[in-house]
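The residues making up each chain are set out below.
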Amino acid sequence: MIVATALAAATPAAGQPDHPQRPELAQGVPAAEGLPPDVVEGRISPRPDGARGPVPIFIELERTAAVDAYSAARQAGRSTSAARGAATAAKEATSRAADRVLRALLTRDAGAEELYRTVNAVPGLAVVAEPARVRELVAMPQVRSVSRIVPKTLTNSNAVQLSRTLATWQQTGRFGDGLRIGIIDDGIDYTHADFGGPGTPEAYDAIDRTRIDASYFPTAKVVGGHDLAGDDYDASGASGPAALTPQPDPNPLPCGDHGTHVAGTAAGFGVNADGGTFRGDYGALDGVALNRMRIGPGTAPKALLYAFKVFGCGGSTTLAGKAMDLALDPNTDGDCAPPGRARVRVSRTTRVRVSRCGCPCTRHRAPSPASQRPAGCASAEPTTRPC
Ligand SMILES: [Ca+2]
Ligand SMILES: [Ca+2]
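Keep in mind that what you see is a predicted model, and the values were worked out from it rather than measured.

(A) Molecular detail of the environment of R144. With respect to the helices and strands, the residue R144 is situated in strand β5 (residues 143-148). C-beta crowding within 10 Å serves as the criterion here: with 15 such atoms nearby, R144 is assigned to the partly exposed category. Through-space distance from the C-alpha of R144 to that of I59 is 7.5 Å; in sequence the pair is 85 residues apart. With residues up to four places along the chain from it excluded, the contact list for R144 reads E60, L61 and E62.

(B) Inspection of the nonpolar core at higher detail. If you look at the biggest cluster of nonpolar residues, it comprises 45 residues, and the most contacted ones within it are I181, I183, A266, L305, F308, V310 and A323. Among the elements of the structure, β1 (2-5), α6 (165-172), β6 (180-185), α8 (258-267), β8 (304-309) and α10 (320-327) are those that each provide at least two residues to this core. Each residue touching V310, except ones within four places of it in the same chain, is listed here: I184, L228, A229, T317, L319, A320 and A323. With 15 residues, the next largest nonpolar core counts A97, L105, L137 and V143 among its residues.

(C) Inspection of the sheet that holds strand β3 (residues 113-118) at higher detail. Pairing is antiparallel across the open sheet formed by 4 strands, whose spatial order is β3-β4-β2-β5. On the outer flanks of this sheet lie β3 and β5, each paired with one strand and no other. Between one strand axis and the next, the sheet turns through 20° on average, direction left out of account. The pairing of β3 with strand β4 (residues 124-129) spans 5 bridges and is classified as antiparallel.

Quick notes on the rules
- Residues numbered from 1 in each chain as written.
- Chains lettered and ligands numbered in written order.
- Predicted model: local features only at pLDDT ≥ 70, side-chain atom pairs only at ≥ 80, totals over all residues.
- Helix = DSSP H or I, 4+ residues; strand = E, 2+ residues; numbered from the N terminus.
- Buried ≥ 20, exposed ≤ 12 C-beta atoms within 10 Å, placed from the backbone.
- Contact = placed C-beta atoms within 7 Å.
- Core = buried A, V, L, I, M, F, W, Y, C linked by C-beta atoms within 7 Å.
- Pairing = 2+ DSSP bridges.
- Axes fitted to C-alpha atoms, helices over the stretch in contact; angles between N-to-C directions.

Scope: geometric values only; no functional claims are made or implied.
Structure, rendered in structure tokens:
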């Protein structure tokens, strides 16, 4: 099993209405409003040509970036102090150029406003202005280029393109089949459509958070897990002394959506534009199809998930170590390899590889007794594949 931990502050509650047009759908991952495919594939910045303003525009300046000035000084054998001085001089030169360009812009467009300046990576000036007036500035020697600033939105539909996962799927035909991923976080909303659930707040709200309802959990995607914390748990002390004591239960349904987002990024099926679970061929997807999806697939969409809930509904946790221990044997039957293939890193130097047939994991080269081997395991399996 691959164990993913993401111990960050929990984000707003799952199960809340998530889309103005589809209030009946549950939220867990931000809705997808993908970038145009040509922008993603070719890194093409839309030009200000044809845009009607005022719009946000970045004016790249014909000056030296501070980081380049610093690096050049160091490579020339100058001291760090001298390099800092070179960087400072570069910043000041950029600022003077920005002042001059901004004054020129304001004489053409009195309503133009400065958004910010950049000096370290790319010397530039960001403004909100009429595009036609900004284009006139390219005649100035201080201006290298102008380009529209593309507003960014919270989305994940392009993630598998930007990470080249889509190309890998198409080249290898592998989608995470046979892998299991343990999510150590604030739980996984297994009712979410990204995991094949109903995808409605009603389903989320109907569940007793302290017990297992077999009609909802485990699922074909979220195949196991445990709530090590209980909803009232908070290790920070801010919620009072009673909250310091975990109240474990078998149901890892989360209060927030952090673990759900992490799980979706790892192994979510993806959600179609109509809110339904994507059941198609991942290898046949392209940028256009991904952009149409409400939630893009995870990078290993056919992997299975385990939810190890270590947070309450707020605060902090000290239970991650317990979760990592449990991840080796989620169903606590002493067999650390559920059927399938698993790989667990248990220390910096020891890698445990468990055979595909699910033979008992052993830390030694001695063969496992036949009585401990699941039916179908080759008798020599543990000896030829020591943990
Ligand atoms: Ca619970
Ligand atoms: Ca087990």
